[in-house]
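Secondary and tertiary structure notes
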Amino acid sequence: MTNVAIVTGGSRGIGRATALKLAKIGYAVVVNYASNQSAADEVVGSIAAHGGKAVAVQGNVASEDDVRAIFAAADKLGPLKVLINNAGVMDRQNRLDEMSLERLKRLFDINILGAFLCAREAVRRMSLKHGGTGGVIINQSSAAAVLGAPALGVEYAASKGAMDVLTIGLSREVAAEGIRVNAVRPGIIDTEIHDSSGIKGRVQMMRDQIPMKREGKAEEVADVILWLCSEQSSYVTGAIVPVAGGRC
Ligand code: NAP
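Note that the coordinates shown come from a computational prediction; the quantities given were computed from them, not determined experimentally.

The rules we used
- Residues numbered from 1 in each chain as written.
- Predicted model: local features only at pLDDT ≥ 70, side-chain atom pairs only at ≥ 80, totals over all residues.
- Heavy atoms only, no water.
- Helix = DSSP H or I, 4+ residues; strand = E, 2+ residues; numbered from the N terminus.
- Buried < 20%, exposed > 50% of the residue type's maximum accessible area, 1.4 Å probe, protein only.
- Contact = heavy atoms within 4.5 Å.
- Near = heavy atom within 4 Å.
- Polar contact = N/O pair within 3.5 Å; in protein donor to acceptor, adjacent residues only side chain to side chain.
- Areas by Shrake-Rupley, 256 points an atom, 1.4 Å probe, with all protein chains shown as cover.
- Salt bridge = Lys/Arg side-chain N within 4 Å of Asp/Glu carboxyl O.
- Pairing = 2+ DSSP bridges.
- Axes fitted to C-alpha atoms, helices over the stretch in contact; angles between N-to-C directions.
- Right-handed = clockwise from strand over helix to strand, strands pointing away.
- Expected span 1.5 Å × (residues − 1).
- Arc of directions from axis to C-beta.

1. Focus: the environment of Val82
Along the chain, Val82 turns up in strand E4 (residues 80-85). Given the relative accessible area of 1%, Val82 is considered buried. Taking C-alpha positions, Val82 is 17 Å from Ile240, a pair spaced 158 residues apart along the chain. In contact with Val82, not counting residues within four places along its chain, are Val4, Ala5, Ile6, Leu22, Tyr27, Met126, Val136 and Cys229.

2. Quick word on the site of the ligand
With respect to spatial proximity, 31 residues lie near the ligand, and among them Ser11, Arg12, Ser35, Tyr156 and Thr191 are the closest. Note that an oxygen atom of the ligand is positioned 2.6 Å from one of the backbone N or O atoms of Ser35. Within the side chain of Thr191, a nitrogen or oxygen atom sits 2.4 Å from an oxygen atom of the ligand. Calculation on the ligand without its partners gives an accessible area of 900 Å², and the protein chains cover 95% of this total.

3. A word on the pattern of salt bridges
On inspection of all chains with the given rule, the structure shows 16 salt bridges. The partner of Glu64 in a salt bridge is Arg68, and the shortest N-O contact between them spans 3.3 Å. Linking Glu64 with Arg68, this pair stays in helix H3 (residues 64-77), spanning four residues, or about one helical turn. With relative accessibility at 33%, the residue Glu64 sits in the partly exposed group. Accessibility expressed as a relative area gives 40% for Arg68, which makes it partly exposed. A salt bridge links Arg207 to Glu215; its shortest N-O distance comes to 2.7 Å. For Arg207, a relative accessible area of 33% puts it in the partly exposed group. Judged by relative accessible area, which is 13%, Glu215 ranks as buried.

4. Brief notes about the sheet that holds strand E2 (residues 28-33)
On the basis of which strands lie adjacent, the open sheet formed by seven strands has the order E3-E2-E1-E4-E5-E6-E7 and parallel pairing. Looking at which strands have only one partner, the edges of the open sheet turn out to be strand E3 (53-58) and strand E7 (240-243). Adjacent strand axes in the sheet meet at a mean angle of 20° when their direction is disregarded. For strand E1 (residues 4-7) and E2, the ladder comprises four bridges, and the chain directions are parallel. Looking across to E2, one finds that Ile6 is bridged to Val30. Where helix H4 (residues 101-126) meets the sheet, its contacts fall on E4, strand E5 (135-140) and strand E6 (179-186), and the angle it forms with E4 comes to roughly 170°. Set on the sheet, helix H8 (residues 218-229) makes contact with E4, E5, E6 and E7; between it and E6 the angle comes to about 165°.

5. Some thoughts on the side chain of Ser127
On the secondary structure map, Ser127 appears in the loop between H4 and E5. Not counting residues up to four positions away in its chain, the partners in contact with Ser127 are Gly132, Glu177 and Ile179.

6. Quick word on the pairing of E2
Among the six residues in E2, six count as buried, and that is most of the element. On E2, burial covers both faces: Ala28, Val30 and Asn32 on one face and Val29, Val31 and Tyr33 on the other are all buried. In this view, the connection linking E1 to its parallel neighbour E2 by way of helix H1 (residues 13-24) has right-handed handedness. Two strands pair when backbone bridges link them, and E2 and E3 are joined in this way by six bridges, in the parallel orientation. Bridging across to E3, Ala28 finds its partner in Lys53. Following the chain from E2 across helix H2 (residues 37-49) to the adjacent parallel E3, one finds a crossover that is right-handed.

7. Looking at the environment of Asp41
Along the chain, Asp41 falls in helix H2. Since its relative accessible area comes to 39%, Asp41 is described here as partly exposed. Sequence spacing of Asp41 and Val31 is ten residues, and the spatial spacing of their C-alpha atoms is 8.8 Å.

8. A short note on H2
In this model, H2 (13 residues) spans 18 Å end to end at C-alpha, consistent with the 18 Å of a helix rising 1.5 Å per residue. Residues Ala39, Ala40, Val43, Val44, Ser46 and Ile47 constitute the buried set of H2. The arc enclosing the buried residues of H2, seen along the axis, measures out at 160°, which places them on a common side. Seen from the buried face of H2, the exposed residues on the opposite side, beyond 90 degrees, are Ser38 and Ala49.

No statement about biological role is implied by the geometric values presented.
Pasting the structure below:
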C-alpha cells in the first residue's frame, strides 16, 4: 500500500512545493487547505498529471473536527508516514499594544494549537506503541522564533518559538516509538504570506539584511523537508534546521 503524507497548508507556498516533491518520490499526498480550493485543486491536478496520487482536503487546522476529517481522509489512502505541520498565518504589521484579543487567539489557534492537534493525530497513527509502524513529523518554525519580529508580529514569532518547543519535547517523547520529529526554520522565503503584513514589497526590502543577499524559494525549504523525511536523516530528531541564507 502507498505510504501517505499529509501537508497542512499544502495548497500554496512552501506547503505546495513540499506536496509536489513528496508526490514525486511516491507518497500519496493529502493537500490540506483552508479556503482557496482552486489553488489546492491545481496542486492535486499537477501531481496527477505526473502520475502521482493526491487529494485536496479543506479544513481549518485550528478546528479539532476538521483535523479529524483531514486525518480520516489520509486513512482512506493508506498508512500515514509523514506529517508536515506547515499551515500558518501572519497578520498585519503591528505592535503588541495594538493587538486585539481576537487577533491573538486566531493566530495562536492556527499556528500552534493546530500543529499540536495534527501532531497528536499523527502520533496516534504512527507510534509503535499504538500499533503503527513509525513515521516522521516536520514542523514549520521561522527565523522569527529567534529574532522576535519586534513591531512586526511578536505573536507570530512567539507561535514559532512554541513550535520549536513542540519539536524538541515531542521528539524526545516519541523517539523510542519509531517517530522522528524535526523542524525547519525558514528565513525570508518568497511566498504570498508576506502580503498579510501589509508591507508592500517586504521580501525585496529585506534582501540587504540577509547575508546571502537574496530571499529563498519555497523549493529550497521543501528540499530540506524532504531530506528530513528521508532515510538520509535517520538519526536526526529534535533538530531545528535553519533555511535562511544566514539570517538567523
Ligand atoms: P502561504 O504561501 O501564505 O500559504 C499558507 C498555506 O497555509 C496555504 O495553503 C493556506 O491555505 C494554508 N492555511 C492558512 N490557514 C490555514 C488554516 N487555518 N488551516 C489549514 N490551512 C491553512 O504561506 P508560506 O509562506 O508557504 O508559509 C508556510 C509556513 O511556513 C507557515 O507556517 C509560515 O509561518 C512558515 N514560514 C514562512 C516563511 C516565509 O518567508 N514564507 C518564513 C518562515 C516560516 P489557503 O490557500 O486555503 O489559504
